[in-house]
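# Structural characterization, general
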Amino acid sequence: MPQAHLPHNHGQALERAFDHMPRADDFQTVADVFKLLSDGNRIRIFWLLCHCEECVINLSAMVQMSSPAVSHHLKQLKASGLIVSRREGKEVYYKAADTEPAQLLHHTIEKLVKIICPTEGSREEVLHEA
């Protein structure tokens, strides 16, 4: 990438960062993944599929959603490459893809839940402190 000639010099050494900055298209790809994960139900379904392989009917019961709604989320997750499916007779089973992006997102979701969502005991402590 060509070096930028910035209108102002603020004394920061930005050349190295700028030289290694991904293309704008790469940032759009990342933004598309974040858009995909902007739905809590979709994140729940993805998280479940990181821990088990399941069919639409069972996933629907687990997340208390209609089968068509779950199928819609599965279609989007599959198109993104975060999950894969296999057919066994008439049944289709889904699970998280064994890829670095899927594993990274699973790990990130679990870490964020742990950091952002206090445990039941912590919630009670916070309520008593208020």
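Residues numbered from 1 in each chain as written. Predicted model: local features only at pLDDT ≥ 70, side-chain atom pairs only at ≥ 80, totals over all residues. Heavy atoms only, no water.

### So, the nonpolar core
- Within the largest apolar cluster, 22 residues are counted, with the highest numbers of intra-cluster contacts made by Phe46, Val70 and Leu74.
- Looking at this core, the elements that each hand over two or more residues are α3 (40-51), α4 (56-63), α5 (67-79), β2 (91-96) and α6 (100-116).
- No other element matches α3, which puts four residues into this core.
- Excluding residues within four positions of it along the chain, valine 70 makes contact with Ile45, Val56, Leu59, Ser60, Val63 and Met65. (Core = buried A, V, L, I, M, F, W, Y, C linked by side-chain atoms within 4.5 Å. Buried < 20%, exposed > 50% of the residue type's maximum accessible area, 1.4 Å probe, protein only. Helix = DSSP H or I, 4+ residues; strand = E, 2+ residues; numbered from the N terminus. Contact = heavy atoms within 4.5 Å.)

### With respect to α6
- Counted at 1.5 Å a residue, the expected span for α6 with its 17 residues is 24 Å, and the 24 Å between its end C-alpha atoms agrees.
- Buried residues of α6: Ala102, Leu105, His106 and Ile109, and no others. Take α6 and look down its axis: the buried residues cluster within an arc of 100 degrees, on one side only. Relative to its buried face, α6 has exposed residues pointing more than 90 degrees away, namely Glu100, Leu104, Lys114 and Ile115.
- Contacts from the buried residues of α6 go to α2 (24-36) and α3.
- Where α6 begins, the side chain of threonine 99 points an oxygen toward the backbone nitrogen of alanine 102, at a separation of 3.3 Å. (Expected span 1.5 Å × (residues − 1). Arc of directions from axis to C-beta. Polar contact = N/O pair within 3.5 Å; in protein donor to acceptor, adjacent residues only side chain to side chain.)

### Topic: the pattern of salt bridges
- Counted by the stated rule, this structure contains four salt bridges.
- Glutamate 53 is the partner of arginine 86 in a salt bridge, and the nearest nitrogen-oxygen pair spans 2.9 Å. Of this pair, arginine 86 sits in strand β1 (residues 83-88) while glutamate 53 sits in the loop between α3 and α4, and the two are 33 residues apart along the sequence.
- A relative accessible area of 33% places arginine 86 in the partly exposed class.
- On the basis of relative accessible area, glutamate 53 is assigned to the partly exposed category, the value being 29%.
- Here the residues in one salt-bridge network are Glu53, Arg86 and Glu88, joined through shared partners. (Salt bridge = Lys/Arg side-chain N within 4 Å of Asp/Glu carboxyl O.)

### With respect to the side chain of histidine 73
- Residue placement: histidine 73 occurs in helix α5.
- The class for histidine 73 is buried, based on a relative accessible area of 6%.
- Once residues within four sequence positions are removed from consideration, histidine 73 is found in contact with Asp39, Asn41, Arg42, Ile45 and Met65.

### Side note on the side chain of arginine 42
- One can find arginine 42 in helix α3.
- In this structure, arginine 42 is in contact with Lys35, Leu36, His73, Gln76 and Leu77, ignoring residues within four places of it in sequence.

### Some thoughts on unusual backbone geometry
- For glutamine 64, which is not a glycine, the phi torsion comes out positive at approximately 55 degrees.
- Note on glutamine 64: relative accessible area 74%, which makes it exposed.

Worth remembering: the numbers are spatial, not functional.
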